[in-house]
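# Summary of structural features
As a plain string of letters, each chain reads:
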Amino acid sequence: MQPSNIASQVHHENINQVFRSYYQLTKPRIIPLLLIETAASMWVAAQGHPNLLLVLVTLIGGWLAAASAQVINCVYDRDIDYDMERTRDRPIPSGRIQVRDALIFAGLLALSSFTLLAGFANLLAACLAMAGIVVYIGVYTHWLKRSSPQNIVIGGAAGAIPPMVGWAAVTGHIGWAAWIFFAIVFVWTPPHFWALAILIKDDYAKVNVPMLPVIVGNEETAKQIWLYTILLVPVTLLMVCPTEACGWLYGLLALLLGGLFLQKAYDLKQCPCDRDLARGVFKYSIFYMMLLSAAMVVDSLPVTRYTVQALVGFLGGTFIS
Ligand code: HEM
Ligand SMILES: CC(C)=CCC/C(C)=C/CC/C(C)=C/COP(=O)(O)OP(=O)(O)O
């Protein structure tokens, strides 16, 4: 190969590496679920037919805001990320990205998110996305993560904001159903995170981050996971009654998915040191939120509503006659 070709190949690989590092800084694997919730909320708010261009714009705006929040979190936590095995290879602790560059990147992401949402959705959606960044950084990362075992209970409010962004983008206000979707994610977050925290508590203990299992042990954490899961099921049903934002198909699926969640959380409560059970609850929590969101979308579609109505009418008629 010619020296000039080798130089150009090396140059391309370096550029790819830089892009990859900035992408990695946004903790990209977490964001899709936040966007799935945002989209589901938009489908429910628009009763099954949201403007698809608005959905696209809102998801891009939501992605930019969540990415900005994660980049600032990576800057703030670079000291502990360096000390934890799991996070040592992140772009800042491994020296691939400088703090100043990361902050500029985060600023540009937040600015693009605000501009896009304010310009093409509405100001409320844009402000809510910015509130998500403020709560995640101010309340969770700065205030509570290193000082309280309840850090993710209160700080988890940040992760519950995306459905509100979606609702606001469609309706221009925050309705009751949007608050209930917020509550669903809020109550779901402790089982989601504490199950994982049982698995990685040694890492957190090493850097003095008081995650619940580090402070109270696996048994009490598993009990708390169980209690939050019990609370989660009725909260999901509030979307059906009294708000009537979702129909009975969603209600049925929410019960089914919630029942499985309860089963897994109960098994973990019985054997709090079983790492496979903890991993099972963590993985299921993600699957659960995806399917619950999908259930909201399917339920909101006009075709589903007609079919369920017809079916209820038919069964009712058969039953009466
Ligand atoms: C304060 C609240 C939360 C905390 C502390 C938390 C913490 C974590 C942590 C530490 C991981 C492992 C990530 C890694 O190894 O890099 C994780 C994974 C994940 N989280 Fe959360 N989480 C929270 C809320 C949420 C919310 C609201 C969502 C979305 C609705 C979410 C979705 C996910 C997903 C999808 C993964 C799996 C990513 C993968 O495939 O590796 N999390 N979470
Ligand atoms: C609307 C909007 C902008 C919302 C943003 C909400 C958001 C980014 C939620 C993510 C929560 C999360 C994955 C925390 C990871 O905890 P950690 O950072 O303590 O995990 P670590 O131990 O892996 O660093």
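Everything numeric here is computed off the predicted structure, so don't read it as measured data. (Residues numbered from 1 in each chain as written. Chains lettered and ligands numbered in written order. Predicted model: local features only at pLDDT ≥ 70, side-chain atom pairs only at ≥ 80, totals over all residues. Heavy atoms only, no water.)

## Remarks on the packing of aromatic side chains
Note the cut-off: Under the pairing criterion, centres of Phe, Tyr and Trp rings, with the six-membered ring standing for Trp, must be within 6.5 Å; the plane angle then separates stacked pairs below 30 degrees from edge-to-face pairs above 60, leaving the rest tilted. We count a charge as sitting over a ring when the NZ of a lysine or the CZ of an arginine lies within 6 Å of the ring centre and within 35 degrees of the ring normal.
Counting across every chain of the model gives eleven aromatic pairs. Members of the aromatic cluster, each reached through a chain of ring pairs, are F261, Y284, F287 and Y288. When the ring centre of Y82 is taken as origin, the NZ or CZ atom of R88, which lies over that ring, is 5.9 Å away.

## A word on the site of ligand 1
The test is simple: Working definition: residue near molecule or strand if any one of its non-hydrogen atoms lies within 4 Å of it. Polar contacts, as used here, are pairs of N or O atoms within 3.5 Å; protein pairs need one atom able to donate a hydrogen and one able to accept it. Residues neighboring in sequence count only if both atoms are side-chain atoms. The rule is simple: put a 1 Å grid over the protein atoms alone, call a set of points where a 1.4 Å probe fits but cannot get out a cavity, call an open set with protein on both sides within 12 Å along at least five of seven lines a pocket, and count a residue as lining if it has an atom within 4 Å of a point. Pocket occupancy is defined atom-wise: a molecule lies in a cavity or pocket when more than half of its atoms are within 2 Å of its grid points.
Residues in contact with ligand 1 amount to 19 residues; listed here are only the nearest, R29, E37, H192, F193 and L196. At 3.3 Å, a side-chain N or O of R86 approaches an oxygen atom of ligand 1. Here H192 contributes a side-chain N or O atom positioned 3.0 Å from a nitrogen atom of ligand 1. Applying the majority rule of atoms within 2 Å of the grid points places ligand 1 in the largest pocket.

## Some points on the UniProt feature "transmembrane region" (unreviewed entry) in the protein chain
The cut-off we apply is this: UniProt positions are given in the numbering used here, feature names are shortened, and annotations may be inferred rather than shown by experiment. What counts as a helix is a DSSP run of H or I of at least four residues, what counts as a strand is a run of E of at least two, and both are numbered from the N terminus.
The sites that UniProt annotates as "transmembrane region" (unreviewed entry) are residues 52–76, 123–140, 152–170, 176–200, 225–242, 248–266 and 286–304. Regarding residues 52–76, the helix share stands at 100% and the strand share at 0%, and the terminal C-alpha atoms are separated by 36 Å. Measuring from the first to the last C-alpha atom of residues 225–242 gives 26 Å, for a span that is 72% helix and 0% strand.

## Quick look at the coordination of the iron atom of ligand 1
The condition that has to hold: Metal-coordinating donors are taken as N, O and S atoms lying within 2.8 Å of the metal, or within 3.2 Å when the metal is Na, K or Ca; because water is left out, some sites can appear incomplete.
Protein coordination of the iron atom of ligand 1 rests on one atom only, H192 (NE2), at 2.3 Å. With respect to the helices and strands, H192 occurs in helix α9 (residues 176–199).

## Brief notes about the side chain of T141
The line we're drawing: When a residue's accessible area, from a 1.4 Å probe over protein chains only, is under 20% of the maximum for its type it is buried; when over 50% it is exposed; and in between it is partly exposed.
Along the polypeptide, T141 turns up in helix α6 (residues 123–144). On the accessibility criterion, T141 (0% relative accessible area) is buried. A distance of 2.8 Å separates a polar atom in the side chain of T141 from the backbone oxygen of Y136.

## Things to note about the environment of A169
To be explicit about the condition: By definition in these notes, contact holds between two residues if any of their heavy atoms fall within 4.5 Å.
Along the chain, the position of A169 falls in helix α8 (residues 162–171). For the pair formed by A169 and Y250, sequence separation is 81 residues and the distance between their alpha carbons is 22 Å. In this structure, A169 is in contact with M42, L54, T58, A121, N122 and A125, ignoring residues within four places of it in sequence.

## Overview of the site of ligand 2
Inclusion rule: Note on areas: Shrake-Rupley, 1.4 Å probe, and residue coverage restricted to the protein chains presented here.
Around ligand 2, 18 residues are found, and the nearest of them are R86, R90, Y140, K145 and Y204. A distance of 2.8 Å separates an oxygen atom of ligand 2 from a polar atom in the side chain of K27. At a separation of 3.2 Å, an oxygen atom of ligand 2 approaches a polar side-chain atom of N73. Out of a free accessible area of 640 Å², ligand 2 has 87% covered by protein chains. Comparing atom positions with the cavity grids shows ligand 2 to sit within the largest pocket.

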